[in-house]
Amino acid sequence: MDLLPRSPAEFGSGPYWDRFFRQRGQRPFEWYGTLPQLCPILRKYLRPRDKVLVVGCGNSELSEQMYDTGMCEDIVNIDISDTVIHQMRERSGSKRPKMSYLLMDMLQMDFPDAHFHVVLDKGTLDAILTDEEEATLAKADKMLAEISRVLQVGGRYLCVSLAQAHVLKKAVEYFSQEGWVVRVHQVASSGDKQQFVLPVFVYVMTKFRKIPGSAPQILEICPEEQDKPMRVESAEQLVAAVKDRQHYALLCSQLSKSPCGEQVSLDLCDKESGKPRYTLHVVDSPSVKPPRDNRFAIFIIPQGRETEWLFGTEEGRRQLSTSAGFGRLVTVALHREQHYEGMAGIQAELSGKVMELAPPGLPARQQVPFLSVGGDIGVRTVQHCDTSPLSGEYVVEDVKGDGTCYFRRLIFLRNRNVVQSEARLLSSVPLPGQKKRRKDKKKPSPAEPPTAIDKSYLCCEHHKAMVAGLCLLGGPNPLPGTPLAVLVVGLGGGSLPLFIHDYFSQAHVAVVEIDPSMLEVATRWFGFSQGDRMQVHVSDGLDYVAKLAAEDQYDAIMFDVDSKDLTVGMSCPPPAFVEKPFLQKVKTILKPEGVFVLNLVCRDIWLKDSVLATLREIFPLLYTRRIEGEVNEILFCQLSPEGRRDPTELGARARALEQELRQPGHPWDSSYALADMLQAVKIL
């Protein structure tokens with residue numbers, strides 16, 4: 001039996017609805033839900049003594065159920081279908097004496113002005129506003145004008161709708177311009193199979209007398225999970241907020257029916273501030289054939305570790321999901337601006353929401369485990385936050401790593417998942433060569449993180465590779481006591497120039513940093529200091545290098561400078577640093593047996609190939625070292641092809657340098673592995 005109209009325009013036609021209800025018979029047709037689903041919202045705005053008008057009532061049981069439950073009894077139902085009005089009068093009979101059914105066109109109603117306290121509409125505005133043609137919009141204007149006319153001041157128009165963008169926009173703009181208060185509720189899902197994939201909304205338009213002049217609009221939205229309304233500034237923002245909830249419902253519907261081929265990402269926002277509180281990634285592992293109890297799990301990423309490869313990249317999360325052995329894993333990252341009440345609090349907060357992301361076929365009462373590293377949510381302490389005119393907003397924060405290690409990080413919030421600089425904090429355990437604490441002295445609390453910077457430790461793998469590049473210098477190995485002139489462009493937290501300064505006792509290091517805020521951050525928060533052998537020049541690296549004379553010769557030149565332009569596929573260095581004229585200038589200030597070391601972070605394959613081709617034109621000898629698990633690639637450039645060494649020889653030179661660098665009072669970490677860094681280089 002075909003009950004659908006031949007065209008959307010028939011939704012506003014009396015003959016169509018007569019035919020529809022004759023064919024359907026006495027079976028109730030419920031648009032957008034039943035009273036049990038709508039009751040939590042309707043009861044807020046309906047009072048037992050209210051005089052209620054239901055427009056486009058159809059053969060829904062909603063009015064009967066409101067009457068029978070005592071929600072309200074003085075109800076007038078109207079419809080343009082003579083067939084359905086006759087059916088409903090017969091069905092209701094004398095059981096509900098205060099309720100009536102009238103054949104009437106809502107575009108031209110017979111009621112006097114200000115006759116009703118409430119007008120209830122379940123799907124009727126949606127049926128009228130099938131498109132945005134001029135005639136359709138004019139019909140909608142008539143409907144809304146009539147509703148406005150028959151409502152008392154203080155009365156409410158309750159419209160149940162799927163909230164298509166053009167329908168919501170029309171209703172919101174019409175009533176807000178009339179000075180009404182506009183509120184949109186999302187109807188909570190019942191958990192059963194839904195009639196529609198999209199969620200149902202209730203517009204609550206409260207009539208106020210129109211105030212002459214430009215009175216502020218009051219526009220609010222109430223998501224399904226909260227009662228307190230959230231104020232928005234414009235009709236566009238309200239439509240966008242509803243659209244976000246519709247997209248989320250579509251996403252949940254898709255995830256409930258089939259595995260996701262690509263990882264899905266979404267933010268869950270704080271109810272009060274509207275700012276992101278959790279970032280979720282849904283990862284399906286088709287290759288995993290989990291037992292019945294291992295189909296779905298939630299993984300809480302410890303605070304501060306969301307930037308690590310395992311948690312912060314698609315490949316890493318895929319590996320995490322596979323190793324965890326679950327068919328679907330949802331990773332949850334915690335935001336630094338938010339406060340969390342431990343694992344139990346997070347579990348209580350997320351349990352209901354994450355079940356909406358469950359894989360197809362998961363039993364309703366299946367226990368879903370919450371996993372983490374070490375069973376806790378980690379530690380993150382924001383030490384400092386500020387805004388730089390050049391780098392934008394940034395934070396300095398201390399986070400707990402594996403075991404008992406703590407790290408200090410500099411994060412630029414324009415790219416919040418990338419650690420700009422990192423340093424290990426010294427623990428209370430004495431380092432080699434240090435004296436132990438006296439037993440009678442007060443020990444620090446184990447829960448209290450350390451604050452002193454471990455200047456001997458290089459956190460970043462690409463910094464270890466850049467230091468290893470000093471083994472490429474001509475002649476014998478650059479012994480720690482050998483005079484070296486080193487130019488570093490890009491300060492960050494200062495760990496790279498600090499390490500070279502401390503471990504190469506005769507090295508003179510010149511650092512160029514464009515952002516004076518970063519010099520302050522490095523000095524105050526990362527233990528950086530200047531001296532006879534360490535000078536910082538606050539300048540644009542391009543200008544500084546361009547002004548150097550040919551007599552200013554360096555044994556090593558290192559570029560570790562990020563790009564402020566996130567639209568380019570290369571985030572390090574800025575494109576101007578690898579243009580041919582500038583590289584020609586770099587060549588003139590590099591000693592004949594020196595090494596130019598470049599940290600390249602480029603996701604654009606074409607752009608990367610172009611950069612490598614330009615470097616090969618300038619520097620006859622070019623080595624490359626990929627950093628495992630990262631986009632970084634370290635390029636070692638030299639002027640003389642005769643200085644070419646194979647990886648085995650480079651590894652031997654690196655091992656010799658390691659032995660020289662293991663000086664008393666300078667702790668050496670086994671993770672530096674300079675030999676491994678150089679044995680993995682490729683010659684381009």
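Residues numbered from 1 in each chain as written. Predicted model: local features only at pLDDT ≥ 70, side-chain atom pairs only at ≥ 80, totals over all residues. Heavy atoms only, no water.

An unreviewed UniProt entry lists the chain under the name eEF1A lysine and N-terminal methyltransferase, from Thinocorus orbignyianus.

Draft legend 1. Spotlight on the overall build of the chain. Assigned secondary structure in the chain consists of 19 helices and 27 strands. Sequence-distant contacts, at least 24 apart, represent 70% of the contacts inside the chain between residues at least 6 apart. When the accessible surface of the chain is summed, it comes to about 32400 Å², and 51% of that surface belongs to carbon and sulfur atoms. (Helix = DSSP H or I, 4+ residues; strand = E, 2+ residues; numbered from the N terminus. Contact = heavy atoms within 4.5 Å. Areas by Shrake-Rupley, 256 points an atom, 1.4 Å probe, with all protein chains shown as cover.)

Draft legend 2. How the structure looks around helix H6 (residues 134–150). Counted at 1.5 Å a residue, the expected span for H6 with its 17 residues is 24 Å, and the 25 Å between its end C-alpha atoms agrees. Looking at the buried positions of H6, the neighbouring elements they touch are strand E1 (52–55), strand E4 (116–122), helix H5 (124–128), strand E5 (151–161) and helix H7 (165–177). (Expected span 1.5 Å × (residues − 1).)

Draft legend 3. Summary view of the sheet that holds strand E18 (residues 419–424). On the basis of which strands lie adjacent, the open sheet formed by 4 strands has the order E15-E16-E17-E18 and antiparallel pairing. Bordering the open sheet on either side are strand E15 (380–388) and E18, each of which pairs with just one other strand. Across the sheet, the mean angle from the axis of one strand to that of its neighbour is 15°, orientation sign disregarded. Across 5 bridges, the pairing between strand E17 (residues 406–412) and E18 is antiparallel. Residue Leu410 lies in a different strand from E18, and its bridge partner there is Ser421. In the packing of helix H14 (residues 516–525) onto the sheet, the strands contacted are E15, strand E16 (392–400) and E17, and the crossing angle to E16 comes to about 20°. (Pairing = 2+ DSSP bridges. Axes fitted to C-alpha atoms, helices over the stretch in contact; angles between N-to-C directions.)

Draft legend 4. Quick peek at the side chain of Gln303. Turning to its location among the elements, Gln303 is positioned in the loop between strand E12 (296–300) and helix H9 (309–312). There is a polar contact of 3.3 Å between the side chain of Gln303 and the backbone oxygen of Gly378. With residues near it in sequence (within four places) discarded, Gln303 still touches Leu334, Tyr340, Ile377, Gly378, Val379, Arg380 and Val399. (Polar contact = N/O pair within 3.5 Å; in protein donor to acceptor, adjacent residues only side chain to side chain.)

Draft legend 5. Up close: helix H2 (residues 35–45). Looking at H2, one finds that the buried residues are Leu35, Leu38, Ile41, Leu42 and Tyr45. The arc that holds every buried residue of H2, seen down its axis, measures 140°, which confines them to one face. In H2, those exposed residues whose orientation departs by more than 90 degrees from the buried face are Pro36 and Arg43. Close packing links the buried residues of H2 with helix H3 (62–68), E4, E5, strand E6 (181–186) and strand E7 (201–206). (Buried < 20%, exposed > 50% of the residue type's maximum accessible area, 1.4 Å probe, protein only. Arc of directions from axis to C-beta.)

Draft legend 6. Expanded view of the pattern of salt bridges. Applying the stated criterion across every chain yields a total of 30 salt bridges. In this structure, Glu306 engages Arg380 in a salt bridge whose closest nitrogen and oxygen atoms are separated by 3.2 Å. Within this pair, whereas Glu306 is found in the loop between E12 and H9, its partner Arg380 is found in strand E15, the two being separated by 74 residues in sequence. When its relative accessible area of 12% is taken as the criterion, Arg380 is described as buried. Salt bridges sharing common partners tie together Glu64, Asp68, Arg91 and Arg96. (Salt bridge = Lys/Arg side-chain N within 4 Å of Asp/Glu carboxyl O.)

Draft legend 7. Quick peek at the confidence of the model for the chain. Overall, the prediction assigns the chain a mean pLDDT of 83, with 84% of residues at 70 or greater. A low-confidence stretch, residues 429–446 stays under pLDDT 50, and its non-local contacts, those more than four residues away or across chains, total 8 contacts. (pLDDT = per-residue confidence, 0-100.)

Draft legend 8. Expanded view of the packing of helix H16 (residues 580–588) against helix H17 (residues 605–618). Where H16 meets H17, the axes come as close as 10 Å, and the angle between the chain directions of the two elements is 40°. As the angle between them shows, H16 and H17 are arranged oblique. When you trace H16 past H17, the crossing you get is right-handed. Residue-level contacts link Lys580, Leu583, Gln584 and Lys587 of H16 to Thr614, Leu615, Glu617 and Ile618 of H17. In the contact of H16 with H17, the residues fall into 3 nonpolar, 2 polar and 3 charged. (Parallel < 35°, antiparallel > 145°, perpendicular 65-115°, else oblique. Left-handed = near helix turned anticlockwise from the far one by under 90°. Nonpolar A, V, L, I, M, F, W, Y, C, P; charged D, E, K, R; others polar.)

Draft legend 9. Layout of the sheet that holds E4. Read from one edge to the other, the open sheet built from 9 strands follows the order E3-E2-E1-E4-E5-E7-E6-E8-E9, with strand pairing classed as mixed. Edge positions in the sheet fall to strand E3 (99–103) and strand E9 (230–232), since each of these pairs with one other strand and no more. Neighbour-to-neighbour, the strand axes of this sheet turn through a mean angle of 20°, independent of strand direction. Running at roughly 140° to E5, H6 makes contact with E1, E4 and E5 of the sheet. Along the sheet, H7 contacts E5, E6, E7 and strand E8 (218–222); its crossing angle with E7, the most-contacted strand, is approximately 10°.

Draft legend 10. Representation of the environment of Pro360 within the structure. With respect to the element layout, Pro360 can be found in the loop between helix H11 (342–354) and strand E14 (370–372). Of the residues examined, Pro360 reaches a relative accessible area of 25% and is grouped as partly exposed.

Draft legend 11. Expanded view of the environment of Thr381. Looking at where Thr381 falls in the secondary structure, it is placed in strand E15. Among residues more than four places away in sequence, those in contact with Thr381 are Val396, Glu397 and Asp398.

Draft legend 12. Local environment of the packing of aromatic side chains. Applying the stated criterion across every chain, the model contains 12 aromatic pairs. Each ring, one from Phe596 and one from Phe619, has its centre 5.5 Å from the other, and the planes form 35°; the classification is tilted. Of this pair, Phe596 sits in strand E24 (residues 590–602) while Phe619 is found in the loop between H17 and strand E25 (621–626), placing the two residues 23 residues apart along the sequence. By relative accessible area, which is 0% here, Phe596 ends up buried. Look at Phe619 and you get buried, because its relative accessible area is 0%. Among the aromatic side chains, those forming a connected cluster through ring pairs are Phe559, Phe577, Phe582, Phe596 and Phe619. (Phe/Tyr/Trp six-rings, centres within 6.5 Å; stacked < 30°, edge-to-face > 60°.)

Draft legend 13. Looking closely at unusual backbone geometry. For the bond running from Cys572 to Pro573, omega is -5°, close enough to zero to count as cis. Relative to the assigned elements, Pro573 resides in the loop between strand E23 (570–572) and H16. Positive phi is not limited to glycine here, since Ala114 has a value of about 50°. Structurally, Ala114 is set in the loop between E3 and E4. Accessibility expressed as a relative area gives 39% for Ala114, which makes it partly exposed. If you check the backbone angles, Ala163 has positive phi at about 60° while not being a glycine.

Draft legend 14. Structural detail: the pairing of E24. In terms of burial, E24 is a largely internal element, 10 of the 13 residues being buried. Bridge count between strand E22 (residues 554–559) and E24: 5 bridges; the pairing is parallel. Note on E24: the bridge partner recorded for Ala556 is Val595. Pairing geometry for E24 and strand E26 (residues 633–638), over 5 bridges, is antiparallel. By the bridge assignment, Val597 is partnered in E26 with Phe636.

Draft legend 15. Representation of the pairing of strand E11 (residues 276–284) in the model. Burial of E11 is extensive: 8 of the 9 residues sit out of reach of the surface. The pairing of strand E10 (residues 264–269) with E11 spans 6 bridges and is classified as antiparallel. Note that in E11 the partner of Ser265 across the bridge is His281. Counted along the chain from E10 to the antiparallel partner E11, the turn is 6 residues long, and its residue Gly274 has a positive phi close to 80°.

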